[in-house]
Amino acid sequence: MRYFHPIVWQLLAGTIFARTASFMTMPFLAIYLQQDFHASALMIGLAVGISQLTATFGGFFGGFLTDRIGRKPVIIVSMIAWSLVFFGFAFAPNIWTLVICNALNGLCRSFFEPASQALMIDYTDERKRRRLFSIRYTAINLSAVVGPLVGVLIAQAGSMRTPFLITASMYAIYAIMLLWILRHAKAPTTLHQKQRIGNIVQAIVHDHTLVLLVVASVLGTFVYSQTSSTMPQLLNLTMADGVALYSVLIAINSATVLILQLPLGILSERVSIKTSLITGVLLFSGGMICFQLADSWSFYIVAMIIFSVGEIFVFPMMSAVIEMIAPAHQKATYLGVMQFQSFGGFLGPMLGGLLLTHAASALYFVMACVSLLSLVCYLRALRHTTRFSN
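How each quantity is defined
- Residues numbered from 1 in each chain as written.
- Predicted model: local features only at pLDDT ≥ 70, side-chain atom pairs only at ≥ 80, totals over all residues.
- Heavy atoms only, no water.
- 1 Å grid on protein atoms, 1.4 Å probe; cavity = no way out; pocket = protein on both sides within 12 Å on 5 of 7 lines; lining within 4 Å.
- Points joined across faces, edges and corners; volume = space filled by probe spheres on them.
- Helix = DSSP H or I, 4+ residues; strand = E, 2+ residues; numbered from the N terminus.
- Nonpolar A, V, L, I, M, F, W, Y, C, P; charged D, E, K, R; others polar.
- Phe/Tyr/Trp six-rings, centres within 6.5 Å; stacked < 30°, edge-to-face > 60°.
- Buried < 20%, exposed > 50% of the residue type's maximum accessible area, 1.4 Å probe, protein only.
- Lys NZ or Arg CZ within 6 Å of the ring centre and 35° of its normal.

Notes on empty space enclosed by the protein
Empty space left among the atoms is revealed by rolling a probe the size of a water molecule over them.
Working step 1: Following the criterion strictly, the structure yields four cavities of 30 Å³ or more and no others.
Working step 2: Its volume calculated, the largest cavity comes out at about 90 Å³.
Working step 3: Residue lining of the largest cavity: Arg130, Ser134, Gln261, Leu264, Gly265, Ser268, Glu269, Ile312, Phe313, Pro316, Met317 and Ala320, and that is the complete set.
Working step 4: For the lining of the largest cavity, the secondary structure elements donating two or more residues are α6 (129-157), α11 (242-268) and α13 (297-325).
Working step 5: Residues belonging to the lining of the largest cavity are distributed by class as follows: six nonpolar, four polar and two charged.
Working step 6: Size it by volume and the second largest cavity reaches roughly 60 Å³.

Overview of the packing of aromatic side chains
Working step 1: For the coordinates displayed, the defined rule picks out 23 aromatic pairs.
Working step 2: When the centroid spacing of 6.2 Å and the interplanar angle of 55° are considered together, the rings of phenylalanine 17 and tyrosine 174 count as tilted. Here tyrosine 174 lies in helix α7 (residues 161-183) and phenylalanine 17 lies in helix α1 (residues 6-23), a separation of 157 residues in the sequence.
Working step 3: A relative accessible area of 2% places tyrosine 174 in the buried class.
Working step 4: Relative to tyrosine 300, the ring of phenylalanine 291 has its centre 6.1 Å away and its plane inclined at 35°; by these criteria the two rings are tilted. Comparing phenylalanine 291 with tyrosine 300, the two get one shared label, buried.
Working step 5: Grouping aromatic residues by their ring pairs yields a cluster made of Phe17, Tyr32, Phe37, Trp82, Phe86, Phe89, Phe112, Phe164, Tyr171 and Tyr174.
Working step 6: In this structure, lysine 128 is placed above the aromatic ring of tyrosine 3, and the distance from its NZ or CZ to the ring centre is 4.7 Å.

Distances and angles like these do not, on their own, reveal function.
Next up, the structure:
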């Protein structure tokens, strides 16, 4: 427990608490829209996808404000606003209110994430930060397993509105906890420079390493989004008991990440970031090729394990890379820029749906190629520095 500062452990525990609350509700938003509001498929797609779009553009502004006025105000205000948004979900009178609420949900997340990550970085020695992001990713995946199960039980006992009310209440409690924790915390020395947003945008655009990393992350998120969008549809069309198989694959993914994240994360600290990214993307792409070739349950399960191990090597590493290249006074801004990866989650279901309609037989092969394209971006981003090769 002494490995990290107490504030970091409290924030990691809060991550599990808050993410579990979110996973109690958001996976069932489409069902809520369909059952309670009788929304069309197009409207459901808009309502569900808009949070990814607002998160894409909100992250930069959230990070900029965090670096300008400090971590604590952004964290507290965004969490309070987040609680109000979920109360809005519960009491929404019509579909358009839900669309607005989910847009604000993405915006709150894009403000909170870079601020909370930047605060954890402030309290963590540089040599420990790769493990910090690895443990944080494990915490998020633990929430992804527990949250939906709790959400189903609550919804069955009451109505679809009940999980949203509980999530709103949990966020309010977490906001109060953060207010107390951060109020009594002695803040480390953090640089806050008054800079104009236009100057920062210009500097970021000319940071070719950051731009290439963002493009690589968008491509990676685009590929990953297929596991929750096109994969269940394709399995349902091509495999007997496809829905049951998909449920097993999601459980395998969660279990693989939970069991292997920490040991593989510690192992990855012994090799360079560049090696970790190459290993992860190749496994990611290899998993997609295996999905392309799979014709049985056992083959799909093996493919998902390969894919999940690649996920372990790639996704937590991105925050560590961004933290390393960011100037000391722009940590949160750079982390906020990485929220642009949500754009891949926004495009993935739409473009994947087109591929599913017109080229279903080559869907996973295309995704494997997109994954390899992200590796090209990673390598080009890291080629100008030896820091990531050591």
